[in-house]
Amino acid sequence: KHCLPKVQLYPMQAGQLVVDEMTVHNVVQKTDALGNMVTEEITLKSEPVTIRVKPLPPTTLPDFTGAVGQFSVSARLVHQELSVGRTGRLRVTLSGAGNFLQLPMPEIKWPAHLEGFDPRITEQLHKEVVPMRGEKQYEYSFTADSPGTYTIMPVSLTYFDPNLKVYKSIAT
């Protein structure tokens, strides 16, 4: 008995596409009829598979990057108040089911006097289910150079929902 790896493939274009054959070379040990341990090299090979990928409907949404699935977006500050020169943290979470590979990194529109830095990205994805489910979290560090009350604009996400067959734009 042999276990082959499973992968999820997400097409990047419409049309007739061929998934190439896959080959696995393996060395296995087994017991023969006399009880002796025998080492055997085996090669497993699949056949190529042709799939037809339907095109997505046309869209005029400029921020659509190819994400397909059902998603939600949330954002929260780790601390609502901070002192000048101290580091704050903004956590943005994208969760749901679908093509997480095509989810764009959330764009933060930092107000004047706040300086944002590249996020630390963590993900908890369940790759064994189809479509892939889970969440990606982006934690942005930022500092304020002067006291005040600041508003960080909502974070948005645009994706295609294949169940409803519509594009959706959501925001925090």
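Described in the following lines is the structure provided in the data block. (Residues numbered from 1 in each chain as written. Predicted model: local features only at pLDDT ≥ 70, side-chain atom pairs only at ≥ 80, totals over all residues. Heavy atoms only, no water.)

## Comments concerning the pairing of strand β2 (residues 23-31)
As paired strands, β2 and strand β3 (residues 37-45) are joined by nine bridges and run antiparallel to one another. From the neighbouring strand, N26 faces β3, where its bridge partner is I42. Linking β2 back to β3 in an antiparallel pair, the connection comprises five residues, with G35 at a positive phi of about 90 degrees. (Pairing = 2+ DSSP bridges. Helix = DSSP H or I, 4+ residues; strand = E, 2+ residues; numbered from the N terminus.)

## Some points on the environment of Y10
Tracing the sequence through the fold places Y10 in the segment before β1 (15-19). On the basis of relative accessibility, which here comes to 23%, the residue Y10 falls in the partly exposed class. When near neighbours in sequence (up to four residues on either side) are disregarded, Y10 contacts G98, N99, L101, P131 and M132. At 3.5 Å, the side chain of Y10 forms a polar contact with the backbone nitrogen of M132. (Buried < 20%, exposed > 50% of the residue type's maximum accessible area, 1.4 Å probe, protein only. Contact = heavy atoms within 4.5 Å. Polar contact = N/O pair within 3.5 Å; in protein donor to acceptor, adjacent residues only side chain to side chain.)

## What to know about the side chain of E139
Residue position: E139 is located in strand β9 (residues 133-144). Within the structure, the side chain of E139 is placed 3.1 Å from the side chain of R89, a separation counted as a polar contact. Ignoring any residue separated from it by four or fewer positions in sequence, one finds E139 in contact with R89, L90, R91, P119 and R120.

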